[in-house]
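What follows is the residue order along each chain.
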Amino acid sequence: MEDLEEARARLEALIAAAERAEAEAEEWSAAEFVGQADEGGIVAVTDALGVITRLEISPRSRRRLDATGLADAILAAVTTAEEAAASSRDALFANLGTAWRTGA
């Protein structure tokens, strides 16, 4: 009887962990990640997968930077946003792995 109770408690813990994991994954998938360059004059936004969803370039940055400087600043902003998305993804997966291993 005690084994059945133990199994039931473990199953309930796994179900709860799955529900928390689903909520975390849903929240993560809706997140946006931002990278900036040229003192905020260039802003890149990605979705959770690191896909660029928006790129904003201020008129000040367009006037102030030459083509190479502008390209470098855009790349820096995009790279920062992509890295933030990847870091968030890695943290989510690590957290999900821990939750499944511990049933927490």
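In what follows, the accompanying structure is described.

Cut-offs and rules
For every chain, the first residue of the written sequence is number 1, and numbering continues from 1 along that sequence. Local features in this predicted model are restricted to residues of pLDDT 70 or higher, and side-chain atom pairs are both shown and tallied only at a pLDDT of 80 or more, whereas totals for entire chains, interfaces and linings draw on every residue. The basis for the side-chain values is all heavy atoms of the structure; hydrogens and waters are excluded. For our purposes a nonpolar core is just a set of buried Ala, Val, Leu, Ile, Met, Phe, Trp, Tyr and Cys residues, chained together by side-chain atoms within 4.5 Å. Buried means the residue's accessible area, taken with a 1.4 Å probe over protein chains only, is under 20% of the maximum for its type, while exposed means over 50%, and partly exposed covers the values in between. Counting from the N terminus, the helices are the DSSP runs of H or I reaching at least four residues and the strands are the DSSP runs of E reaching at least two. Throughout, a residue-residue contact means that at least one pair of heavy atoms, one from each residue, lies within 4.5 Å. By definition, a salt bridge exists where a carboxyl oxygen of Asp or Glu is found within 4 Å of a side-chain nitrogen of Lys or Arg.

## Description of the nonpolar core
Step number 1: One finds Ala 37, Ile 42, Ala 44, Leu 65, Leu 70, Ala 73, Ala 77, Val 78 and Ala 81 forming the largest nonpolar core, which totals nine residues.
Step number 2: When residues of this core are assigned to their parent elements, the largest contribution, five residues, is made by helix α3 (residues 67-102).
Step number 3: The contacts of Ala 37, once residues within four sequence positions are left out, are Ile 42, Ala 73, Ala 76 and Ala 77.

## Focus: the pattern of salt bridges
Pairing of side chains with opposite charge becomes possible as their charged atoms draw close.
Step number 1: Scanning all chains against the criterion turns up four salt bridges.
Step number 2: Taking the shortest distance from any N to any O, the salt bridge between Asp 38 and Arg 64 comes out at 1.9 Å. Here Asp 38, found in the loop between β1 (33-37) and β2 (42-46), pairs with Arg 64, found in helix α2 (residues 59-64); they are 26 residues apart in sequence, far enough to count as distant.
Step number 3: Among the ionic contacts, a cluster of salt bridges with common partners joins Glu 32, Arg 54 and Glu 56.

## Details of the side chain of Ser 61
Step number 1: The topology assignment puts Ser 61 in helix α2.
Step number 2: Excluding residues within four positions of it along the chain, Ser 61 makes contact with Asp 38, Gly 41, Ile 42 and Leu 70.

## Thoughts on unusual backbone geometry
Step number 1: The phi dihedral of Asp 38 is positive, around 50 degrees, even though this residue is not glycine.
Step number 2: On the basis of relative accessibility, which here comes to 13%, the residue Asp 38 falls in the buried class.
Step number 3: The residue Glu 39 is not glycine, and still its phi comes out positive at about 55 degrees.

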